[in-house]
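Structural description and commentary
Here are the chains, one letter per residue:
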Amino acid sequence: MTSRKVRQRKTKSRSTSPAKGSRKAPLERKLTAGEWFERLVALQARLRAPDGCPWDREQTHATLRTYLVEEAYEVLDAMKSGDDAKFAEEMGDLLLQVVFHAQIAAEQGRFTAADVIREVHEKMVRRHPHVFGEKRARDAAEVLRNWEQIKAQERQKAQERQGNGAEKKDEEAKSLLDGVPRGLPATLEGLQLTRKASRAGFDWDDAQGIFEKLREECAELRHASETKDAARVEEEMGDLLFAAVNLARFLQVDPEIALKNANAKFARRFRKMERLSAGNGQAFAEIPRADKERLWEAAKRSESAQAKNEAARKR
């Protein structure tokens, strides 16, 4: 097996048979979250054992990267679906990825699943002094400011633990923007960068300023496109997208999720156009552009009517 979607193996609890003469079977104790987690860790260790699953044994941190990203997006899809069973299942798949990576690290003597849990537990206590300590926070904004300050202190202490070798690097790279992973999708990286800048007091007074910035960037991109300078066009396109991400952050919208939703909406409407075209006995690619536009409007009307019917049924 060279590729497959990593899925959590599900084990069914065996019911206890009643003893002769007894009227009821003894009630089976419900396992705690901790006990189920220990079972999952043991299960993944078994799959990675010499006599375990060949596919699981072949995996590395690098080969599992795609699955980690896929599972995160599937959790988002399930969350939006309103299907709690699906939501729980997909969150389990994402949790399995954490356990899988921890198992690989444990085999290499680096850290274990227990270390992962301990680290995040201690971090959450440390970063909520207004709950677990003496500090007080007036509102969510102050909580976020304190959070960034604590993170900066943690990075400083980590660098000090690394010794003199890290001091030079610290002098060169110390910034309030440190800690934003470069491996993030571009929209999420832009979101985190502008969020950190905002918490440091570098932000627009209101959304109107960003709308003006978008108009400015559109004009610059249009002008660049007329020069036929590919490098400049790419730069101006990046500036426009960055401004859009910043606006999304200001309006409290996750740009990655917003774009994913827009992608899905376009795909739905395009497929509807294809079906309408086929229903008219025409190949979509061969019909005139004006007819394509009419089909697009018909697809939009159909989707709008369907949404209204769904809302009416829920009332």
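Shown above is the structure to which this text applies.
From a predicted model like this one, the values you see are computed outputs, not experimental measurements.

1. What about the overall build of the chain?
Of the regular secondary structure elements, the chain holds 13 helices and zero strands. Ordering the α and β elements of the chain from the N terminus gives α-α-α-α-α-α-α-α-α-α-α-α-α. Within the chain, buried positions represent 23% of all 315 residues. For the chain, long-range pairs separated by at least 24 residues make up 55% of all intrachain contacts whose partners lie at least 6 apart in sequence.

2. So, the environment of Gly52
Mapping Gly52 onto the fold places it in the loop between helix 1 (33–47) and helix 2 (54–58). We classify Gly52 as partly exposed; its relative accessible area is 25%. Ignoring sequence-local partners within four residues, the contact set of Gly52 consists of Arg46, Leu47 and Arg57.

3. Let's talk about the packing of helix 1 against helix 4 (residues 84–107)
For any two helices packed against each other, the geometry comes down to the angle between their axes and how far apart the axes lie. Put simply, helix 1 and helix 4 touch, their axes get as near as 10 Å, and they point 55° apart. Taken together, helix 1 and helix 4 sit at an angle that is classed as oblique. Crossing angle aside, the handedness with which helix 1 passes helix 4 is right-handed. Residues Phe37, Leu40, Val41, Gln44 and Ala45 of helix 1 touch helix 4, and the partners they reach there are Leu95, Leu96, Val99, Phe100 and Gln103. Of the residues contributing to the contact of helix 1 with helix 4, the split by class is eight nonpolar, two polar and no charged.

4. Considerations on the environment of Asp115
Within the element layout of this structure, Asp115 appears in helix 5 (residues 113–126). A relative accessible area of 25% means that Asp115 is categorised as partly exposed. The spatial distance from the C-alpha of Asp115 to the C-alpha of Ala102 is 8.8 Å, given a sequence separation of 13 residues.

5. Digging into unusual backbone geometry
Notably, Lys228 is not glycine yet its phi reads approximately 65°, a positive angle. Here Lys228 is to be found in the loop between helix 10 (207–227) and helix 11 (230–250). Of note in this structure, Gln252 is not a glycine but carries a positive phi near 60°. Locating Gln252 in the fold gives a position in the loop between helix 11 and helix 12 (255–279). Judged by its relative accessible area of 76%, Gln252 is exposed.

Rules used throughout
- Residues numbered from 1 in each chain as written.
- Predicted model: local features only at pLDDT ≥ 70, side-chain atom pairs only at ≥ 80, totals over all residues.
- Heavy atoms only, no water.
- Helix = DSSP H or I, 4+ residues; strand = E, 2+ residues; numbered from the N terminus.
- Buried < 20%, exposed > 50% of the residue type's maximum accessible area, 1.4 Å probe, protein only.
- Contact = heavy atoms within 4.5 Å.
- Axes fitted to C-alpha atoms, helices over the stretch in contact; angles between N-to-C directions.
- Parallel < 35°, antiparallel > 145°, perpendicular 65-115°, else oblique.
- Left-handed = near helix turned anticlockwise from the far one by under 90°.
- Nonpolar A, V, L, I, M, F, W, Y, C, P; charged D, E, K, R; others polar.

From the geometry alone we can't say anything about function, so treat these as descriptive.
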